[in-house]
Structure formats: C-alpha cells, structure tokens
Amino acid sequence: MNKTRTLLKDLKENIGKEVTVKAWVDTRRDHGKLIFLVLRDRSGTVQAVIHAAAGEAFEKVEKLKDEFVVQIKGLVKERPEKMIKEDEFNGDLELEILDAEILSKAETLPFEKDAELNIETHLDNLPLTLRKKQIQNIFKVQATIVEAFRETLRKNDFTEFQAPAIVGGDAEGGAGVFKVEYFKGRDAYLATSPQLYKQIMVGVFERVFAVGKVFRAEKHATTRHLSEYSSMDFEMGFIEDHRDVMQMLEKVTRNIVKKVNERHADILKENNVEEVALPDEAYPVMTLKEAQELIYQEVGRDNREEPDLEPEDERFLCQWAKKEKGSDFIFITHYPVSKRPFYTFEDENMPGYTKSFDLLFRGVEISTGGQRIHSYEKLVENIKKWGLDPGAFEFYLKAFKYGIPPHGGIGMGLERISAKMLGVQNVKEAALFPRDMTRIDLPLSKTEEEG
Ligand code: AMO
C-alpha cells in the first residue's frame, strides 16, 4: 500500500489520481450493493464509495463502523454535475475505494451521532462528542481568540509570562478559594487569578500578559461559572488612569472580533450568529450610577442603591448599547470601593468609588479591570481594612516597597467570551473539559456510586 498520506483538503489537486488517505469513518451508509463512507481527518471530510463488485476490498469495507480509524487507497473522482453538494466540504468530489486497512477499531457509539444530546450526556461523553464538527468549531474559534489576544499585546510591547497556580494568599477576596493541604506550616491555595504576580511583573517588564488556568470554588452551578477557567490577563505600567487600560482592552477585543471574522466566517454562519456590532467611535462607557439610573428611567427597576449589577441589568445594558450605540460591548466604571478587591484604586474625584470597570458583551460580564494602588502604605492599610493578613502578602508587597509605577490591567474569561461570540448558551460548552461543583469529567455522584 502507498504510505504517503494525502490530507482530505488536498484531494482537489489529485483528481484522476490514486491517493492514500488516513482518517476516521465519520458515518457509514449502505445502499444496495454500495457502501458510502464519510471520512474525516483534521483538514476536512470526503465521501468515499465502494461497490460489491470490488471483491476483497469490499469485504474489508464491510467490516468498518463509525469511528474506525482507517487507511484507504482510492481514486479521486469528480462527482457528476447533479450529485454536487455546494455546501459540503469536498462536495464536488468522491473517493472510489480501492483498498482499506483498519488502523484502529471502535465500539458502537453510546448515542445517536446526529441526535441533539442533552448537556449531561454531551459532557459525559466528551472524548467522543468533542470530535463532532459543530463542537470542534467552538474550540477552533477559542484558539483564535487566544491567538488574537496574544497578537495585540505582543504588538504593543507586552511580554508573556507564566503565573503560578499555587499561591500563599488570595487577592480576590477569599470566598471562592480552593485550599491545598500539602505545605507544612503555611496555608496554600489554588490561584483565583494571576493578579498579584502580574502586578509584581509590572516592576520587571512594565507591560505583561498571561494566559492560564485559575480556580474558583464557586458555590453555585450556573451557566456562567466554572470551577476552573482560562483567564487572559494583562497588566501595564505608567498609565494615567483606568482609561488607558480600557483603551488597550478595546484594542484587544476589536482584534479578537476581526480575527475570528476573518478566519471563521463559515463557522459563524453555521452557528447562525450575528456579526459582532462594533461602533465607529470608542465603546460606550457609563458609570455604575449612570447605568442604574438609566435602568430605573427605562424599565423602572430601582437598583440605584445596589453596589453591583444584577445579571438582568447586564442584559439590559447590552441591549441598550446595541440599539443606541451600535455596540455589542459596553464598559461600566466606578464600582464602590466596598465591592472591589483591596488592590483597587479609589477615584480621588469620586470618593467611595473606584477607577475600575467591567466590560459587558452580549449580556454578560466578560472582563474586569482597573487602575491599581501603587503606594506600599496604602496597600498595607487596605489589606488590613479588608480583614486580610499583611503577612500573607509580604512577598507581593516587596514589589511595592521598591518602586512600582502607576499601573492597571484586566482579567478576561476565555470561556465566557467564546460562548458569547458563538451564541453558545452555557459556558460549560465553551470549556473543553469543564469542572464545576457536580463534575470532574464525569458527574461526581455517579463516580462515587460506581467507586
Ligand atoms: P474577576 O473576578 O471579575 O476579576 O474575573 C475576571 C473575569 O474572569 C471571568 N470569570 C469566570 N469565568 C468562568 N467561571 C468563573 N467562575 C469565573 N469567574 C470569573 C469573567 C470575569 O470578568 N483579578 C481580577 C481581574 C483584574 O482586575 O485584572 C479578577 O480576577 O469573565
């Protein structure tokens, strides 16, 4: 057998020639004396066919089932005009099977391949369901989002760094933290964010970014929360205030939209999602107070004394921004000091409120950021005020003892922005292997029962 492999996307250049392809059997369909296979490799799909008259080769193909891994020798043919399927990958071609070899067998699938699965069955079977094109697409787009995030920041002189996942003190408030029982004489936790380290790194490179896993012991299973998620963070020195950070985040998100549109127009079309609305002007910006007043005026919901937005407020503000400003993104600034972590900079012109912001996108908060406190004394004071132990932050505080410029940054949830870009309802479907209170790969109760 010819061992040189031709990828399915390259079949077009081989019309009339014999090739060897290596692929999965995506589906098999028997039709009288004919067997049709849809083959799938990393580059695409093709329909392959064999007639009973082919003898020995036909007997080999008869043994194949869905998800068998095969090596197939075949002749690349153009399909007759009336058999062409315009919207199918390689829809104008067909591979006439000359020989087949099984590289790996597969058992019968535990679900109907084309059936809409409920989310639990989907998640229970991820090693298989991730192979579906529709699901693969989510993670292709996700990879592009990360690439675009990195690209913009590199272009703007940021250096990527790897943040630790085991930490001695939690920056975000402590409620949702996983404790690690291992280290002698010291409490340790899984990082809820690279916050402390990105600030330390401002003292090293001025502008830094990190993409990595962070962990939140969320008390609720929701469509927006994961126990482990991918955080895309940046931090930049020598800013005037939080608005410099917002500008950079706008650049990053505009490039994400641009790259996803350029590269995945077909996927966006398949998912039936509208193009992301980007305003010609800068993204709309509102303070929390203004946002609450607007909600009160427009829909009569009076949350004007609340320190934060409710999910329905976030949805309303996004609808408003889309309608009034032609933007799927909107910044909300100036959350109260009491609702933000200890490191957040208070606005000298608006005491009690911070130079911090959330970026909302299609109804949900996808990013939080702001200016940070850079004075050592003020930080120590705040750590105490927040009821935390300055001893736990001794290491972080060294950076501030020895000169840190005014700085700020953001953290953005990769799964949340991916889900919203693709119209995926539950953030768990935009996480490759989601963990939450009820699941580590398999449902926890089920594994306990079985164990
Ligand atoms: P925050 O806690 O708001 O801020 O988190 C930043 C962003 O991370 C995402 N996110 C989540 N995604 C999935 N599951 C979760 N449980 C979850 N929690 C948060 C959201 C959110 O906007 N250190 C600050 C950021 C900064 O100021 O730089 C922080 O962690 O998209």
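Sequence order sets the numbering: in each chain, residues are counted from 1 along the sequence as written. Restriction of local features to residues with pLDDT of at least 70 applies here, the model being predicted, together with a cutoff of 80 or more for giving and counting side-chain atom pairs; totals for whole chains, interfaces and linings are based on all residues. Hydrogens and waters are ignored; side-chain quantities use all the structure's heavy atoms.

### With respect to the sheet that holds strand β2 (residues 34–41)
Selection criterion: By definition, two strands form a pair when at least two bridges between them are found by DSSP. Starting at the N terminus, helices and strands are each numbered in turn, a helix being any DSSP run of H or I of at least four residues and a strand any DSSP run of E of at least two. Fitting a line to C-alpha atoms yields each axis, with helices limited to the stretch in contact; the angle taken between N-to-C directions then spans 0 to 180 degrees.
Here five strands make up a closed barrel; going around it, the order is β1-β2-β3-β5-β4 and the pairing mixed. Sheet twist, expressed as the mean angle between neighbouring strand axes with direction ignored, is 55°. With seven bridges connecting them, strand β1 (residues 18–31) and β2 associate as antiparallel partners. In the sheet register, Asp-30 faces β2, and the bridge partner there is Ile-35.

### Some words on unusual backbone geometry
Its identity is not glycine, yet Asn-272 carries a phi of approximately 60°, on the positive side. Tracing the sequence through the fold places Asn-272 in the loop between α6 (242–270) and β12 (285–287). Phi at Arg-362 is positive, roughly 50°, even though this residue is not glycine. Here Arg-362 shows up in the loop between β14 (356–361) and β15 (364–371).

### Focus on the site of the ligand
So the rule is basically this: For this description, a residue counts as near a given molecule or strand if any of its non-hydrogen atoms is within 4 Å of it. Under this definition, polar contacts are N or O atom pairs within 3.5 Å; protein pairs additionally need one hydrogen-donor-capable and one acceptor-capable atom, and for neighbouring residues in sequence, both atoms have to be side-chain atoms. Accessible surface area values rest on a Shrake-Rupley calculation with a 1.4 Å probe, where residue burial reflects the displayed protein chains alone. Amino acid classes used here: Ala, Val, Leu, Ile, Met, Phe, Trp, Tyr, Cys and Pro are nonpolar; Asp, Glu, Lys and Arg are charged; the rest, including Gly, are polar.
Inspection of the region around the ligand gives 22 residues, with Gln-195, Lys-198, Glu-365, Thr-368 and Arg-372 positioned closest. A distance of 2.7 Å separates an oxygen atom of the ligand from a polar atom in the side chain of Lys-198. Between the ligand and the protein, one listed contact pairs an oxygen atom with a side-chain N or O atom of Tyr-229 at 3.0 Å. In isolation the ligand offers 630 Å² of accessible surface; the protein chains occlude 93% of this area. Its residues assigned to classes, the shell around the ligand shows five nonpolar, nine polar and eight charged.

### Let's talk about the pairing of strand β4 (residues 69–78)
A regular strand places its side chains so that they alternate between the two faces of the sheet. Looking at chain direction, β1 and β4 are connected through seven bridges and run antiparallel. Each residue of the ladder has a partner; that of Glu-18, found in β4, is Leu-75. With ten bridges joining them, β4 and strand β5 (residues 93–104) adopt antiparallel strand pairing. From the neighbouring strand, Lys-77 faces β5, where its bridge partner is Glu-94.

### Here we look at a nonpolar patch on the surface
For clarity, the cut-off: Surface patches are drawn from residues lacking salt bridges whose relative accessible area is over 30%; two like charges belong together within 9 Å, two nonpolar side chains (Val, Leu, Ile, Met, Phe, Trp, Tyr) within 5 Å. Basic side-chain nitrogens of Lys or Arg form a salt bridge, by our definition, when they fall within 4 Å of a carboxyl oxygen of Asp or Glu.
A contiguous nonpolar patch, built from Ile-166, Tyr-182 and Phe-183 and spanning about 350 Å² of accessible area, is present on the exposed surface. Note that Ile-166 resides in strand β7 (residues 166–167).

### Considerations on the domain arrangement of the protein
What counts here: Each domain's extent was defined by an automatic or database domain assignment.
As far as domains go, the protein holds domain 1 (8–104) and domain 2 (131–431). Taken over C-alpha atoms, the centre of domain 1 sits 47 Å from the centre of domain 2.

### Comments concerning the pattern of salt bridges
What counts is decided by this rule: Only protein chains enter the accessibility calculation, which uses a 1.4 Å probe; a residue is then buried when its area is under 20% of its type maximum, exposed when over 50%, and partly exposed in between.
Under the criterion given, the structure shown has 41 salt bridges. We note a salt bridge from Glu-67 to Arg-40, for which the minimum N-O separation is 3.0 Å. Taken together, the residues span a long stretch of sequence, with Glu-67 in the loop between α1 (56–62) and β4 and Arg-40 in strand β2 at a distance of 27 residues. The residues Glu-67 and Arg-40 share a single accessibility class, namely buried.

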